[in-house]
Amino acid sequence: MELLVATRNKKKLQEIRELLVGLDLKVTFLADYNDMPEIIEDGKTFEANAAIKACTIAQYAKKLVLGEDSGLEVKALGNRPGVYSARYSGAGATDKKNNLKILRELKGVPLKKRAARYRCAVALADAKGLIGVVSGSCSGLIGFKSRGASGFGYDPLFVIEKYGKTFAELGLLIKHKMSHRFKALKKARGLMARYLKRYLQVSS
Ligand code: ITT
């Protein structure tokens, strides 16, 4: 069976693929199709946006769809950038520009006040509608400069206290053991297993 991931972010897709390894599903994404509708991501929460992504695509494609919405919350910035993480530095945003904006905004803020959290919501939907939404989070600190080359987004700034290193320095093997995405997808595996069990019962 196919699982269509409602994303255009290839780095995010790579992580999702690695975290779903072992499931008997063919994982595709939006760029595998050329006729997908635009997704209007106007939810105020990660959960709402994940559901919008999954439902918009599932209704159109009539397939099992996984929507994922994620981002960074920085405590000293009133939990910004939050759901606006991907485009935090405005039109033409890039990971580099977004990271520089965070560093500028935290200038002079001491390490102990640089607490941050990654959040991830995962929604599952099919042609009949939303099946469920689950989420996960991961705590860290925002470093004083970019360090490391692995991962994407804010990973070069996101320091895991236990290691004193950023996710971009630690690499995906360690990130996959503790990340917001790992925690949300672990719960989503449960949702998928229950869904597939019901699906197989109905179709046999
Ligand atoms: P899609 O909507 O097509 O899935 P997107 O990148 O726009 O792609 P989001 O709206 O969910 O996805 O925004 C996620 C942003 O949050 C992402 O672009 C990064 O800036 C940040 N982010 C989320 N998870 C991250 C992670 O594991 N590491 C680094 N940054 C992350």
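Keep in mind that what you see is a predicted model, and the values were worked out from it rather than measured.

Novice: Any chance you could explain the environment of Phe158 here in plain terms?
Specialist: Position of Phe158 relative to the elements: it lies in strand β7 (residues 158-160). On a C-alpha basis, the gap between Phe158 and Leu66 in space is 26 Å, while along the polypeptide they are 92 residues apart. Contacts of Phe158, omitting those with residues within four sequence positions, involve Leu72, Ala116, Arg117, Tyr118, Cys138, Ser139, Gly140, Leu141, Ile142, Lys165, Thr166 and Phe167.

Novice: I keep staring at helix α6 (residues 180-203) and nothing clicks. Help me out?
Specialist: An α-helix turns once every 3.6 residues. As a result, residues three or four positions apart point the same way. The end-to-end C-alpha separation of α6 is 34 Å, in line with the 34 Å expected for 24 residues at 1.5 Å each. Within the sequence span of α6, burial applies to His180, Arg181, Ala184, Leu185, Ala188, Leu191, Met192, Tyr195 and Leu196. Where α6 is buried, its residues touch β1 (2-5), α1 (10-19), β3 (65-74), β5 (115-126), β6 (129-142) and α5 (172-178). Of the residues that open α6, the one with a side-chain oxygen 3.3 Å from the backbone nitrogen of Arg181 is Ser179.

Novice: How do you make sense of the pattern of salt bridges when you look at a structure like this?
Specialist: Side-chain pairs of opposite charge can arise where the charged atoms are in close proximity. Applying the stated criterion across every chain yields a total of 13 salt bridges. For the salt bridge of Lys63 with Glu2, the shortest nitrogen-to-oxygen distance reads 3.1 Å. Of this pair, Lys63 sits in the loop between α2 (46-61) and β3 while Glu2 sits in strand β1, and the two are 61 residues apart along the sequence. Here Arg119 ties to Glu47 by a salt bridge, and the two come within 3.4 Å at their closest N and O atoms. Here the residue Arg119 occupies a position in strand β5, and Glu47 occupies one in helix α2, the gap between them amounting to 72 residues. By relative accessible area, Glu47 is classed as partly exposed at 25%.

Novice: Teacher, can you tell me more about the site of the ligand here?
Specialist: Residues in close proximity to the ligand total 21 residues, the closest being Thr7, Lys12, Lys53, Asp155 and Lys175. Note that an oxygen atom of the ligand is positioned 3.2 Å from one of the side-chain N or O atoms of Glu41. Ser70 places a main-chain nitrogen or oxygen 3.0 Å from an oxygen atom of the ligand. Burial of the ligand by the protein chains amounts to 93% of its free accessible area of 610 Å². The site holding the ligand turns out to be the largest pocket. Put simply, the parts of the chain that give the shell around the ligand at least two residues each are β3 and α6. In terms of residues, the shell around the ligand owes the most to one element, β3, which gives four residues.

What counts, and where the lines are drawn
- Residues numbered from 1 in each chain as written.
- Predicted model: local features only at pLDDT ≥ 70, side-chain atom pairs only at ≥ 80, totals over all residues.
- Heavy atoms only, no water.
- Helix = DSSP H or I, 4+ residues; strand = E, 2+ residues; numbered from the N terminus.
- Contact = heavy atoms within 4.5 Å.
- Expected span 1.5 Å × (residues − 1).
- Buried < 20%, exposed > 50% of the residue type's maximum accessible area, 1.4 Å probe, protein only.
- Polar contact = N/O pair within 3.5 Å; in protein donor to acceptor, adjacent residues only side chain to side chain.
- Salt bridge = Lys/Arg side-chain N within 4 Å of Asp/Glu carboxyl O.
- Near = heavy atom within 4 Å.
- Areas by Shrake-Rupley, 256 points an atom, 1.4 Å probe, with all protein chains shown as cover.
- 1 Å grid on protein atoms, 1.4 Å probe; cavity = no way out; pocket = protein on both sides within 12 Å on 5 of 7 lines; lining within 4 Å.
- Sits in = over half its atoms within 2 Å of the grid points.

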